[in-house]
Amino acid sequence: MAIRVAYTGNGACAQAMRQVEPHMVAAYPITPQTEVVEEFAKFVADGKVKTKFLPVESEHSAMSACIGGAAAGGRVMTTTASQGLAYMWEMLYIASGLRLPIVMGVANRALSAPINIHGDHSDTMGARDSGWVQLYCKTVQEVYDTLIQAVRIAEHDEVRLPVMVCYDGFSVSHSLMDLEVLAEEQVKGFVGSFTPRYPLLDIANPVTYGPLALYDFYFEYRRQQVEAMATAERAVGEIAEEYASLSGRRYSAVEAYRLDNAEVALVSLGSTASTIEYAVDRLRDEGVAAGALRIRTFRPFPKDAIREALEPLKAVAVMDRSESLSGWGGPVGIEVKAAFYETEARPLLLDVVYGLGGRDVGVDDVREVFGELKKATDAGKMSDPVYYLSLRE
Amino acid sequence: MVVNLKKFTNKPELFTGGHRLCAGCGIATIIRQVLMAVENPVVISNATGCLEVGSSIYPYTSWKVPWIHSAFENSAATISGVETVYQALREEGKVAEDIRFIAIGGDGGTYDIGLQALSGALERGHNFTYICYDNEAYMNTGMQRSSASAYGSWTTTTPLGKVGKGKTIRKKPLTDIVVAHRIPYVAQAAPGHWRDLMTKVQKALATEGPSFLNILQPCVPGWRIEPHASMKAAKLAVETCYWPLYEVVDGVYRVTVKPKQKKPLAEYLELQGRFRHLLAEEQQPLLDELQADVDAVWEALLNKSAPTETKTKEE
């Protein structure tokens, strides 16, 4: 029986981990993820899980231990945020290059300097090309649901890639929201038991992990990762469907909100979508043909679904909660623009950088962005390709 | 523990030939000695470095045991994950074998970039053996100094010049640092004394909890020695007491090989191009200083060692 409780994002992450009950959790506490590590340590201390908890001395070692543990043949997990993710960077690529199905929760937080503990997407956006599947959650419920699905995605026979479950620091990690927790046997049944491939602990069949591959083989390794990532797009969808029949909650790579007959829309990742949807309702009441699109799966990038959803619109603002510092906006904006390169018709696209270092975004801010889209549609062009929202300049 | 050479040389090789390590490389000798000494199944984690590069060029591998290389600084962290999952799977009944775990790194991957991961794994008390092959510089990238490089040696990043005198900082006392973690078994070994080395491998693998072996490894190109001279260099390191062979069992020190006649340090140095500049007449004061340092460390070691049986030579 599912039960309903009020929970934080971190609590939901820890609950999902408890119910999946992996062989090992290796983690290092960091704001705003700390409670996940604390709660999980308590589950271990209370004998609620058989999981081995490895309180490592750094995030680099957390990911290294996960790599060793997954290669050994175990189901392994970790969680982190911000500097911790940055410290893991080297190992992120090795986890995906070795095709190890590691699941990691990330409570998104800004990167230093200046040091800041609040939520933005600088950390995981920096890791967007590390070969991990990236799923961004809107609510506490979605953190829980996604973490459970992530196990299946990572371990999918044709995927075998690590998966990052991203949720906004504080606005999700520390916010109490409604959470429906599935019965333990439902979760255990859904994730099933782990079937490792080529485990190190298969003594009779010794394997070499992580060899040196030079110009004669390295390229083929990478190409196989490309294939796996392409397969992941399908697997994410299939597993979401299967989960929907278990939980009644359906998720897709991109989620449209009142896009039918919309002329203008905002594209976002994570919890800001809730604020945008609220604003869309108000604007619709006022007769504005407003809508929203939330990108849930950022890696693999659902370019076809994004194109299909946005192509009929007049103007679109892509909300970027990180800066690429490339001179032309945030990474989501750049990629959405790239997705339209080959289309005949395309909306006017505005990249909106917002909320860095946890700066709040409210309904009025969202209205301001829709106002910019109105100006653009009236003028038939964007006056400036990048818009900085709620910024003192 | 008695190491029987005949028995071990009849064992199938777990580290096969065809690897790309240099002719005369001390690492290959060390690894063969280590793997000859193991009795249980083993899983190995290997830091980036000469051994990894030389033994695993895809699609070939020298390893007939399960082996993982993930990065440079994390051999100890990687094996801690392997060992932890092993404990979990043992409890589930999914793994039946009594497996031992070995993490390997060079001095770069152990004294320097991997020191934190090593310290963490030792503190957490994993059941594993860490083996450092110490060739006293970053040899895989071509002889740059490490914190293990010997005082007075020249490397490509501590070159000799009008002003440069080679490395003028002491070697980091890694074995002492590991001993300070109060793990149950720590030892220094060298491949010229194979019986001593293999006995220590067996003791380390039989230890409940973390164990550590610091093994001096002659490097042909890095030490500027002839390929045939690597074992001679390893023996001279011990006979001059530059690299004392000892073990620390539950905090108790014991010298395991005590040279009958301690040779002058110069005999060890003159074999190697990296020290040759020290033998010039005007360098005598520095040479005297180095000799005094070796003597002091050796005396201190003897003073804190349990007065047990020590051998004077290898067979």
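Everything quoted here is computed from the prediction, not taken from an experiment.

1. What to know about the overall build of chain B
Right, so step 1: In terms of regular secondary structure, chain B is built from 12 helices and 8 strands.
Right, so step 2: Its C-alpha radius of gyration of 19 Å places chain B within 12% of the 20 Å reference for a compact globule of 315 residues.
Right, so step 3: Here the C-alpha coordinates of chain B stretch approximately 70 × 45 × 40 Å along the principal axes.
Right, so step 4: The 315 residues of chain B split such that 58% are buried.
Right, so step 5: For chain B, long-range pairs separated by at least 24 residues make up 70% of all intrachain contacts whose partners lie at least 6 apart in sequence.
Right, so step 6: Surface exposure of chain B reaches about 12800 Å², of which carbon and sulfur atoms provide 54%.
Right, so step 7: Chain B carries 34 positive and 33 negative side-chain charges, and their two centres are separated by 3 Å.

2. Considerations on the interface of chain A and chain B
Right, so step 1: Contact residues are listed per partner, giving 39 residues for chain A and 43 residues for chain B.
Right, so step 2: Here chain A meets chain B over a buried area of about 3200 Å², counting both sides, of which 68% is carbon and sulfur.
Right, so step 3: Area buried by chain A at its contact with chain B is led by Leu 201, Ile 203 and Leu 212 of chain A, which between them contribute 21% of it.
Right, so step 4: Taken together, chain A and chain B are joined by 14 residue pairs in polar contact (both at pLDDT 80 or more).
Right, so step 5: Those elements giving two or more residues to the side of chain A that touches chain B turn out to be strand E3 (52-55), helix H3 (59-72), helix H4 (82-97) and strand E9 (208-209) of chain A.
Right, so step 6: With 9 residues, H3 of chain A is the single largest residue contributor to the side of chain A that touches chain B.
Right, so step 7: As paired strands, E9 of chain A and strand E2 (residues 67-68) of chain B are joined by 2 bridges and run parallel to one another.

3. Comments concerning helix H12 (residues 363-379) of chain A
Residue and element names in this part refer to chain A.
Right, so step 1: End to end, H12 covers 24 Å across 17 residues, agreeing with the expected 24 Å (1.5 Å per residue, within 8%).
Right, so step 2: Buried within H12 are the following residues: Asp 365, Val 366, Val 369, Phe 370, Glu 372, Leu 373 and Ala 376. Summarising the axial view, the buried residues of H12 lie within an arc of 150°, below the 170-degree limit, and thus occupy one face. Residues Asp 364, Lys 375, Asp 378 and Ala 379 are exposed on H12 and point more than 90 degrees away from its buried face.
Right, so step 3: Elements that come into contact with the buried residues of H12 comprise strand E11 (264-268), helix H9 (272-285), strand E12 (290-295), strand E14 (315-320), strand E15 (348-353) and strand E16 (386-388).
Right, so step 4: Once H12 finishes, Gly 380 follows within two positions and takes phi at roughly 80°, a positive value.

4. So, the environment of Ala 117 of chain B
Residues and elements named next belong to chain B.
Right, so step 1: Mapping Ala 117 onto the fold places it in helix H6 (residues 115-124).
Right, so step 2: Ala 117 gets classed as buried once you look at its relative accessible area, which sits at 4%.
Right, so step 3: As for Ala 117 and Asn 74, which are separated by 43 residues in sequence, their C-alpha atoms are 5.7 Å apart.

5. A look at the domain arrangement of chain A
Residues and elements named next belong to chain A.
Right, so step 1: As assigned here, chain A comprises domain 1 (3-247) and domain 2 (254-388).
Right, so step 2: Contacts between domain 1 and domain 2 engage 27 residues on the former and 25 residues on the latter.
Right, so step 3: For the pair domain 1 and domain 2, the summed buried area comes to about 2000 Å², and 52% of that belongs to carbon and sulfur atoms.
Right, so step 4: In this structure, the connection of domain 1 to domain 2 is made through 5 salt bridges.

6. Details of the pattern of salt bridges
Residues and elements named next belong to chain A.
Right, so step 1: Using the criterion set out here, one finds 45 salt bridges over all chains in the structure.
Right, so step 2: A salt bridge links Arg 294 to Glu 255, with the nearest nitrogen and oxygen atoms 3.0 Å apart. Taken together, the residues Arg 294 in strand E12 and Glu 255 in strand E10 (residues 254-257) connect sequence positions 39 residues apart.
Right, so step 3: What you see here is one network of salt bridges that share partners, running through Arg 4, Asp 145, Asp 178, Glu 180 and Arg 249.

7. Focus: the packing of H3 of chain A against helix H4 (residues 75-91) of chain B
Right, so step 1: In the contact formed by H3 of chain A and H4 of chain B, the axes pass within 6 Å of each other and the chain directions differ by 45°. In terms of their interaxial angle, H3 of chain A and H4 of chain B are classed as oblique. The two elements H3 of chain A and H4 of chain B meet at a crossing, and its hand is right-handed. Residue-level inspection shows Ser 61, Ser 64, Ala 65, Gly 68, Gly 69 and Ala 72 of chain A of H3 of chain A in contact with H4 of chain B, the latter providing Ala 77, Thr 78, Ser 80, Gly 81, Val 82 and Val 85 of chain B.
Right, so step 2: Per-class residue counts for the contact of H3 of chain A with H4 of chain B are 5 nonpolar, 7 polar and no charged.

8. Quick notes on the side chain of Asn 74 of chain B
Right, so step 1: Turning to its location among the elements, Asn 74 of chain B is positioned in the loop between E2 and H4.
Right, so step 2: When sequence neighbours within four positions are dropped, the list of residues in contact with Asn 74 of chain B reads His 60, Ser 64 and Met 91 of chain A together with Ala 117 of chain B.

9. Here we look at the pairing of strand E7 (residues 163-168) of chain A
Residues and elements named next belong to chain A.
Right, so step 1: Among the 6 residues of E7, 6 are classified as buried, and the element is accordingly described as predominantly covered.
Right, so step 2: Across 6 bridges, the pairing between strand E5 (residues 103-108) and E7 is parallel. Considered in E7, the bridge of Met 104 is made with Met 164.
Right, so step 3: The pairing of strand E6 (residues 133-137) with E7 spans 5 bridges and is classified as parallel. Bridge pairing links Cys 137 to Tyr 167 in E7.
Right, so step 4: Following the backbone out of E6, through helix H6 (residues 140-155) and into the adjacent parallel E7, one traces a crossover that is right-handed.

10. Section: the UniProt feature "domain: Thiamine pyrophosphate enzyme TPP-binding" (unreviewed entry) in chain B
Right, so step 1: The feature "domain: Thiamine pyrophosphate enzyme TPP-binding" (unreviewed entry), as annotated in UniProt, sits at residues 49-215 of chain B in this numbering.
Right, so step 2: Helix makes up 35% of residues 49-215 of chain B and strand 15%, with an end-to-end C-alpha separation of 15 Å.

11. Considering the sheet that holds strand E7 (residues 245-249) of chain B
Right, so step 1: The strand order across the open sheet formed by 9 strands is E9(A)-E2(B)-E1(B)-E3(B)-E4(B)-E6(B)-E5(B)-E7(B)-E8(B), and the pairing between neighbours is mixed. The sheet is open, and its two edges are formed by E9 of chain A together with strand E8 (252-257) of chain B, each paired on a single side.
Right, so step 2: When strand E5 (residues 185-189) of chain B meets E7 of chain B, the two strands line up antiparallel, connected through 4 bridges. Directly across from Gln 188 of chain B, in E7 of chain B, lies its bridge partner Tyr 246 of chain B.
Right, so step 3: Helix H8 (residues 194-206) of chain B contacts strand E3 (100-106), strand E4 (129-134), E5, strand E6 (211-216), E7 and E8 of chain B of the sheet and is inclined by roughly 165° relative to E5 of chain B.

12. Quick word on the state of the cysteines
Right, so step 1: For the structure shown, the criterion picks out 0 disulfides over all chains.
Right, so step 2: Not part of a disulfide, Cys 22 of chain B finds its nearest cysteine sulfur in Cys 25 of chain B, a span of 6.0 Å.

13. Brief notes about the packing of aromatic side chains
Each pair of aromatic rings is reported with the distance of its centres and the angle of its planes.
Right, so step 1: Tallying each qualifying case throughout the model produces 14 aromatic pairs over all chains.
Right, so step 2: Ring pairing ties together the aromatic residues Trp 223, Tyr 242, Tyr 268 and Phe 275 of chain B, which thus form one cluster.
Right, so step 3: In this structure, Arg 152 of chain A is placed above the aromatic ring of Phe 190 of chain A, and the distance from its NZ or CZ to the ring centre is 4.8 Å.
Right, so step 4: Positioned over the ring face of Tyr 278 of chain A is Arg 282 of chain A, at 4.2 Å from the centre of the ring.

Each value, and the rule that gives it
Residues numbered from 1 in each chain as written. Chains lettered and ligands numbered in written order. Predicted model: local features only at pLDDT ≥ 70, side-chain atom pairs only at ≥ 80, totals over all residues. Heavy atoms only, no water. Helix = DSSP H or I, 4+ residues; strand = E, 2+ residues; numbered from the N terminus. Rg over C-alpha atoms; globule rule 2.2 N^0.38 Å. Buried < 20%, exposed > 50% of the residue type's maximum accessible area, 1.4 Å probe, protein only. Contact = heavy atoms within 4.5 Å. Areas by Shrake-Rupley, 256 points an atom, 1.4 Å probe, with all protein chains shown as cover. Lys, Arg positive; Asp, Glu negative; His and termini not counted. Charge placed at Lys NZ, Arg CZ, Asp CG, Glu CD. Buried area = accessible area lost by both parts, 1.4 Å probe. Polar contact = N/O pair within 3.5 Å; in protein donor to acceptor, adjacent residues only side chain to side chain. Pairing = 2+ DSSP bridges. Expected span 1.5 Å × (residues − 1). Arc of directions from axis to C-beta. Domains from an automatic or database assignment. Salt bridge = Lys/Arg side-chain N within 4 Å of Asp/Glu carboxyl O. Axes fitted to C-alpha atoms, helices over the stretch in contact; angles between N-to-C directions. Parallel < 35°, antiparallel > 145°, perpendicular 65-115°, else oblique. Left-handed = near helix turned anticlockwise from the far one by under 90°. Nonpolar A, V, L, I, M, F, W, Y, C, P; charged D, E, K, R; others polar. Right-handed = clockwise from strand over helix to strand, strands pointing away. UniProt positions renumbered as here; feature names shortened; annotations may be inferred. Disulfide = S-S within 2.5 Å. Phe/Tyr/Trp six-rings, centres within 6.5 Å; stacked < 30°, edge-to-face > 60°. Lys NZ or Arg CZ within 6 Å of the ring centre and 35° of its normal.

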